[in-house]
Every structure is written in structure tokens, then in C-alpha cells.
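# Examination of the molecular architecture
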Amino acid sequence: MSESASVTCTAPVNIAIIKYWGKRDVERNLPTNGSISVTLSQKALRTTTSVHLSPEHPADRLWLNGKEDANASRAGTRLAKVFDLIRRLARQEGNPRAEWHAHVASHNSFPTAAGLASSASGFACLAFSLAKAYGLQAGNDVLSGIARQGSGSACRSLFGGYVAWEHGYEEAASPEDEDFGSHAVQLADEGHWPEMAIFVHIVSAEKKTVSSTSGMQTTVRTSPLHTYRAAHVVPARMEAMRQAIAARDFDAFAKLTMEDSNQFHATCLDTYPPIFYLNDTSRDLIQLVHRFNEQQGAIMAAYTYDAGPNAVVYIKREACRAWLDAVAALYRPANGLRANGDAWFSDAHD
Ligand code: 2P0
């Protein structure tokens, strides 16, 4: 039997609290603005990826949730780019497996392409598991730069806890720096803020009609609000959010999170033609969070929505029971959220 290598890895989802939306360089996947996210526990939402390397595989192949994606072996695709960058590193490290190809099977434990960051955990897991299979020396910052080229938000899933992806890397020193230079950094680890808990409320598991990659570039081309947001709003919010996280200031964290989600969806509405990711249930939950905070007499919960209708609620741990009661009351007896399987609970994690 000839030589081969196999590994299986998992990667977590991350949910942005300052939102990435828009590329200033499509080829290199560099963002129009910085972003900050929280990495969720892998207990509920995770990607699991198995890699098999062999000198006998004539090409890279990838199966996502059991279905083959032909882009893995198609030159110039984002998938092919990740495989190629990993092998480039392997060659640089003088690795004997550098010319081998990979067969990859990847599974998500949650709905794919429904605005739940499946491309984030998916590409993070691909970069990480390929690196392990090839036996690379490269650290997570380099792998984050590779994952970024698969999907921008994926660069943040290489780290646990509270994670930033800066706008920057204006002056790349070399082509290698251009490829690997823009990557995420950990602001605080998963143990930093024990009071923080997270609910994911599944409003719809359907695949979104406008993909993030195409939607964000229509926004960049057509939305004056996005241009203003990227230049004048996000830089100050990045700094304010860093401070809120460092000080474990839930009031500031929650307000910034909700404001940034609202402004991101406003830029979607300001896009021409407009993009609608929220639905009536999403908007009901937004109002419920504001009512809940009023009733509690303090900001106890904050919603955020990605490119889809599903709600992520960051909440003070002590308010979890009251929040679940509030959600249940909203949907009783109407046929809204089902009781089983439609809400996940998570810590800030891993
Ligand atoms: C984020 N989203 O920061 C934002 C918030 C959606 C809303 O990153 O084209 O799948 O693959 O770089 O990362 C979704 O976009 O886009 C996203 P690509 P990605 O999490």
C-alpha cells in the first residue's frame, strides 16, 4: 500500500458584532471595513472536515454534506485557491507531501448558506485540516490569512473568544504578505467574559436567495450609506467595541452590536436593487429584545443578524430563563418557532 495521510478536524462558527460587508480587493478578498466577532461553542454549530492525502489522487476533490463540489479542482475558484496556498506553504517548508492532492469530506451540523456563517466555519476547517494533513509548521495567523481567501469571515473562525479582522494591511511588502498578511487576531479568549451567553434562533433554515459574496459587491457599487459607514462609522465602532470587550461592559457591547446589525441591514436596503435578509419573524424578535430590555430595566440582551433572517442573541447569563419565557410567550399559541431544535444555546468559546 502506498503512503497517505488522513486527519479529521472541527471548526466553530463565528458571529460578527461589527459586520464585514464589502471587498475593496475582490481578487485578494480584502474588506472595505474591519469587523469583530464572537466565536461560538462547537457543541451545537460546527463544521467537521476529513482530509485524505495521497500521491495517487490525481486532483483535489471535495464533498460538502455528501454532495461533490466540482469547484475544488477548477482553477481560480476560492476552493482551489485554498488548496493551492496550502501546497505553496508545504513547498516552502520543503514538505515531501507538497505535490499530493486531497480528497475532502465536510459536514455542517447546522443549515448551510442560511446566514449562519457556514462559509466561516467551513473554510476555517478546510484550511486548518489541510494544514494538519500536509503537516505544515504554519501557525493560526497564517492559516487565518489562507481561510480569508476562501471566505472573508472564515479568517475569524481560526480563533476562539473575541476576534477582530482589521481593515488594514495597506502596504504589502511582498506577494506572500499579500496572500497571508490580512488575517484575524484574538482580542480576548473564551474565558474572558463568563457572564456572556448566546442564543441562536432559527427563523428559517432555507438557503438565502442572494449570496453574501455577490450581495456585498452590489452594496459596494450602489449604496452611498455603505460608503459612509465604511469610512466614518465602522472605524470608531471597532475601537469602541474593543474597549467594551476589554472592560466587559455589556451595555456598550449590546448597544454597539444592535446598532451595527441595524446599520448593516440598512445598507442592504440601500443597495440597488435592495437586498432583504430579515423577515417578519426577525423583526418581531428585534422588537421583543427591546421590550425585554425595558421590562428588565437594563440592557440584558442584544440581537444581531447576518445575511439571513436567523437571530443571534447575546445575553447576560442571569437573563437566559426570562428570555426563553419571553420568546415562548411571543409565539404561544401561534405557529411560530417550534419548541424543539429551533433554538441553540452557546457560550463564547473555543
Ligand atoms: C460577517 N457576513 O462579518 C458578515 C456579516 C454576513 C453579514 O461575512 O465573500 O461569506 O466569502 O468573503 O464571509 C458573510 O460573508 O463573504 C459575512 P465572502 P462571507 O460575518
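Counting restarts for each chain: residues are numbered from 1 in the order of the written sequence. Local features are withheld for residues below a pLDDT of 70 in this predicted model, meaning they are given only at 70 or higher, and side-chain atom pairs are given and counted only at 80 or more; totals for whole chains, interfaces and linings count all residues. Where side-chain values are given, they derive from all heavy atoms of the structure, hydrogens and water being excluded.

### So, the pattern of salt bridges
Salt bridge criterion: a side-chain nitrogen from Lys or Arg within 4 Å of a carboxyl oxygen from Asp or Glu. Scanning all chains against the criterion turns up 13 salt bridges. In this structure, glutamate 166 engages arginine 242 in a salt bridge whose closest nitrogen and oxygen atoms are separated by 2.1 Å. Residue glutamate 166 is located in the loop between β10 (162-165) and α4 (175-180), and its partner arginine 242 is located in helix α6 (residues 224-246); the two are separated by 76 residues in the primary sequence. When accessible area is computed with a 1.4 Å probe and restricted to protein chains, residues below 20% of their type maximum are described as buried, those above 50% as exposed, and intermediate ones as partly exposed. Looking at glutamate 166, the relative accessible area reads 32%, which means it is partly exposed. Strands are runs of DSSP state E lasting at least 2 residues, helices are runs of H or I lasting at least 4, and numbering of each runs from the N terminus.

### Some points on the sheet that holds strand β8 (residues 67-69)
Only strands joined by at least two bridges in the DSSP assignment are considered to pair. The 5 strands lie next to each other as β1-β6-β9-β7-β8, forming an open sheet whose pairing is mixed. Whereas interior strands pair on both sides, the edge strands pair on one side only; in this sheet they are β1 (5-12) and β8. In this sheet, neighbouring strand axes are inclined to one another by 20° on average, regardless of whether the strands run parallel or antiparallel. Relative to strand β9 (residues 101-108), strand β7 (residues 61-64) is paired through 4 bridges, and the arrangement is parallel. Bridge pairing links tryptophan 63 to alanine 105 in β9. In this description, a line fitted to the C-alpha atoms serves as the axis of each element, helices being fitted only across the stretch in contact, and the angle between N-to-C directions of two axes falls anywhere from 0 to 180 degrees.

### Some words on the site of the ligand
Neighbouring the ligand are 18 residues; Lys23, Ser151, Gly152, Ser153 and Thr213 lie closest to it. Take arginine 78: an N or O atom from its side chain is 2.9 Å from an oxygen atom of the ligand. With respect to the ligand, the side chain of arginine 156 contributes an N or O atom lying 2.8 Å from an oxygen atom. The Shrake-Rupley method, run with a 1.4 Å probe, gives the accessible areas here. Residue values count only the displayed protein chains as cover. For the ligand, the protein covers 95% of the area, taking 470 Å² as the surface of the free molecule. For the shell around the ligand, the residue count by class is 6 nonpolar, 7 polar and 5 charged. Here the shell around the ligand spans two domains, since at least three of its residues come from each of domain 1 (5-188) and domain 2 (196-347). Only heavy atoms are used to decide nearness, and a residue is near a molecule or strand if one of them lies within 4 Å of it. Polar contact is the term for a pair of N or O atoms within 3.5 Å; when the atoms are in protein, one must be able to donate a hydrogen and the other to accept it, and sequence-neighboring residues count only if both atoms are side-chain atoms. Ten residues, namely Ala, Val, Leu, Ile, Met, Phe, Trp, Tyr, Cys and Pro, are considered nonpolar, four, namely Asp, Glu, Lys and Arg, are considered charged, and the remaining ones, Gly among them, are considered polar. All domain edges in this entry derive from an automatic or database-based domain assignment.

### What to know about the side chain of asparagine 33
Position of asparagine 33 relative to the elements: it lies in the loop between β4 (30-31) and β5 (35-39). A relative accessible area of 1% means that asparagine 33 is categorised as buried. Looking at asparagine 33, its side chain comes within polar contact range of the side chain of threonine 32, at 3.1 Å. We call two residues contacting when some pair of their heavy atoms lies within 4.5 Å. Among residues more than four places away in sequence, those in contact with asparagine 33 are Lys19, Tyr20, Trp21, His167, His226, Ala230 and Val234.

### Observations concerning the domain arrangement of the protein
Here the domain parsing of the protein yields domain 1 (5-188) and domain 2 (196-347). Domain 1 and domain 2 are separated by 25 Å when their C-alpha centres are compared. Counting from both sides, the interface comprises 37 residues of domain 1 and, opposite them, 46 residues of domain 2. Interface of domain 1 and domain 2: buried area, both sides summed, is about 3300 Å²; carbon and sulfur atoms make up 69% of it. Accessible area that two parts lose when put together, evaluated with a 1.4 Å probe and summed over both, is termed the buried area.

### Description of the packing of helix α1 (residues 78-92) against helix α3 (residues 140-150)
In the contact formed by α1 and α3, the axes pass within 8 Å of each other and the chain directions differ by 155°. As summarised for this structure, α1 and α3 are arranged roughly antiparallel, according to the angle between their axes. Handedness of the α1/α3 crossing: right-handed. Counting all contacts with α1, which are made through Arg78, Lys81, Val82, Leu85, Ile86 and Leu89, the residues of α3 involved are Val142, Leu143, Ile146, Gln149 and Gly150. Tallied by class, the residues present in the contact of α1 with α3 amount to 7 nonpolar, 2 polar and 2 charged. Each angle is binned into one of four classes, with values under 35 degrees roughly parallel, values over 145 roughly antiparallel, values of 65 to 115 roughly perpendicular, and all other values oblique. By convention, the crossing between two helices is left-handed when the near helix turns anticlockwise from the far helix through less than a right angle, and right-handed when the turn is clockwise.

### A few points about the packing of α1 against helix α2 (residues 118-134)
Their axes nearest at 10 Å, the elements α1 and α2 cross at an angle of 30°. The orientation of α1 relative to α2 falls into the category roughly parallel. In this structure, the crossing between α1 and α2 has a hand that is right-handed. Only Phe123, Leu126, Ala127, Leu130, Ala131 and Tyr134 of α2 make contact with α1, whose side of the interface consists of Arg78, Leu79, Val82, Phe83, Ile86, Arg87 and Ala90. Residue composition of the contact of α1 with α2, grouped by class: 11 nonpolar, no polar and 2 charged.

### A word on the confidence of the model for the protein
Each residue carries a pLDDT value, the predictor's own confidence for that position, ranging from 0 to 100. In the predicted model, the protein carries a mean pLDDT of 91, and 91% of its residues have values of at least 70. Residue range residues 335-341 is modelled with pLDDT below 50. Its contacts to residues more than four positions away, or to other chains, number 7 contacts.

### Examining the environment of alanine 147
Along the chain, the position of alanine 147 falls in helix α3. Discounting residues that sit within four places of it in the chain, alanine 147 has contacts with Phe123, Ala124, Ala127, Ala154, Cys155 and Leu158.

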